[in-house]
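Chain by chain, the residues run as shown.
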Amino acid sequence: MRDDGGVEEPAIDPVGAEPATLLAADERFMRAAIEEALVAQSHGDVPIGAVVVVGGEIVGRGRNERELASDPTAHAEVLVLREAAHAIGDGWRVTGGTLYVTLEPCTMCAGAIVLSRVPRVVFGAFDPKAGACGSVLSVLDRPELNHRPQVQGGVLEPECAELLRAFFRARR
Ligand SMILES: [Zn+2]
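Counting from 1, residues in each chain are numbered in the order their sequence is written. Since the coordinates come from a predicted model, pLDDT governs what is reported: local features require at least 70, and pairs of side-chain atoms require 80 or more to be given and counted, while whole-chain, interface and lining totals use all residues.

**Student:** Help me out: how do you make sense of the sheet that holds strand β3 (residues 97-103) in this one?
**Tutor:** The strands that make up a sheet pair up through hydrogen bonds in the backbone, lying either parallel or antiparallel. Strand order in the open sheet made by the 5 strands is β2-β1-β3-β4-β5, with mixed pairing throughout. Here the strands that pair on one side only, and so sit at the sheet edges, are β2 (57-63) and β5 (150-152). Recorded for the sheet is a direction-independent mean angle of 15° between the axes of neighbouring strands. In this description, a residue-residue contact is defined by the distance between C-beta atoms placed from the backbone, which must lie within 7 Å. Note on geometry: axes are C-alpha line fits, over the in-contact stretch for helices, and angles between N-to-C directions span 0 to 180 degrees. Note on conventions: DSSP H or I runs of at least 4 residues are helices, E runs of at least 2 residues are strands, and numbering of each starts at the N terminus. Contacts from helix α4 (residues 157-171) reach β3 and β4 (120-125), with the element oriented near 60° to β4. The pairing criterion for strands is at least two bridges between them, as found by DSSP.

What follows is the structure, encoded as structure tokens:
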């Protein structure tokens, strides 16, 4: 990871942590993101949820509010990064955190992730139609960009994907 400033200290050191410990923590926080996805679903939005975790604490929660807010940019990641930046209080930077989101971020959200400097991103389901973290585009590992977060996809993938499948099944 390369950066243009700011001290970055991941909540859990992915190198030092036991893989099983890291996976357990990732699954725990992905479940919190799934709870946010269910809130999105309750107001008629596609169920996508996100949390930002710093030092083992959730400092931001976000969910897709595109329909609720009539806002094409009200994706869970954008909203959670905004809330987390305020909570962390390091200006606009989301330093030392991990972003958990139930669906692979799109191009806009990958851009927001780069801008926020969040050091680590964990997502659940892959998005073969719009995913910008490897599926359609690979925004987060572009060597030209000044920030490249560590990315882990597929955490609780079956649960995260089933949420979306059930939502669209019910709408048909
Ligand atoms: Zn997005």
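What follows continues from the structure just given.
**Student:** For this particular structure, what's the right way to read helix α2 (residues 76-88)?
**Tutor:** For an α-helix the count is 3.6 residues per turn, leaving residues at separations of three or four pointing the same way. In a helix, the anticipated span is given by 1.5 Å times the number of residues less one. Between its first and last C-alpha atoms α2 spans 18 Å; for 13 residues at 1.5 Å apiece the expected length is 18 Å, and the two agree. Between the buried cut of 20 or more and the exposed cut of 12 or fewer other C-beta atoms within 10 Å of a residue's own C-beta lies the partly exposed class, and all C-beta atoms are placed from the backbone. Among the residues making up α2, those that are buried are Ala76, Glu77, Val78, Leu79, Val80, Leu81, Ala84 and Ala85. Summarising the contacts, the buried residues of α2 are in contact with α1 (19-42), β1 (49-54), β2, β3 and α3 (107-116). Residue Gly89 follows α2 closely and has a positive phi angle near 75°.

**Student:** In this structure, what is going on with the nonpolar core? I would like to understand it.
**Tutor:** Generally speaking, soluble globular proteins have nonpolar side chains that are buried together. Within the largest apolar cluster, 43 residues are counted, with the highest numbers of intra-cluster contacts made by Ala33, Val52, Val80, Leu81, Leu99, Tyr100 and Val101. Of all the elements in the fold, those that place two or more residues in this core are α1, β1, α2, β3, α3, β4 and α4. Per-element tally for this core: the top contributor is α2, with 7 residues. Setting aside residues no more than four positions away along its own chain, Val80 makes contact with Ala50, Val51, Val52, Gly60, Arg61, Gly62 and Leu99. Buried Ala, Val, Leu, Ile, Met, Phe, Trp, Tyr and Cys residues form a nonpolar core when they are connected through C-beta atoms within 7 Å.

**Student:** How should I be thinking about the confidence of the model for the protein chain in this particular structure?
**Tutor:** Atom-level detail of predicted coordinates should not be read off regions where pLDDT is low. Overall, the prediction assigns the protein chain a mean pLDDT of 91, with 90% of residues at 70 or greater. You can read pLDDT as the predictor saying how much it trusts each residue, on a scale of 0 to 100. Predicted confidence is poor over residues 1-10, with pLDDT under 50, and the contacts of this stretch with residues over four places away or in other chains come to 23 contacts.

**Student:** It is not clear to me how the pairing of β1 should be interpreted in this structure. Could you clarify?
**Tutor:** Along a regular strand, successive side chains alternate from one face of the sheet to the other. Burial of β1 is extensive: 6 of the 6 residues sit out of reach of the surface. On β1, burial covers both faces: Gly49, Val51 and Val53 on one face and Ala50, Val52 and Val54 on the other are all buried. Across 6 bridges, β1 lies against β2 in antiparallel orientation. If you follow Ala50 over to β2, its bridge partner there is Gly62. Counting the residues that bridge the hairpin from β1 to β2 gives 2 residues, and of these Gly55 lies at a positive phi of roughly 55°.

**Student:** Looking at this model, I keep getting lost on the packing of α2 against α3. Mind explaining?
**Tutor:** Packed helix pairs are characterised by how far apart their axes lie and by the angle those axes make with each other. As a packed pair, α2 and α3 sit with axes 9 Å apart at the nearest point and diverge in direction by 20°. Viewed along their axes, α2 and α3 adopt a mutual orientation that is roughly parallel. Remark: the crossing between α2 and α3 carries left-handed chirality. Between α2 and α3, the contacting residues are Glu77, Val78, Leu81 and Ala85 on the first element and Cys109, Ala112, Ile113 and Ser116 on the second. Gly counts as polar in this scheme, as do all residues outside two lists: the nonpolar Ala, Val, Leu, Ile, Met, Phe, Trp, Tyr, Cys and Pro, and the charged Asp, Glu, Lys and Arg. When the residues that make up the contact of α2 with α3 are grouped by side-chain class, the tally is 6 nonpolar, 1 polar and 1 charged. Our angle categories are set so that under 35 degrees counts as roughly parallel, over 145 as roughly antiparallel, 65 to 115 as roughly perpendicular, and the remainder as oblique. Throughout, a crossing is termed right-handed when the near helix is turned clockwise from the far one, and left-handed when it is turned anticlockwise from it by less than a right angle.

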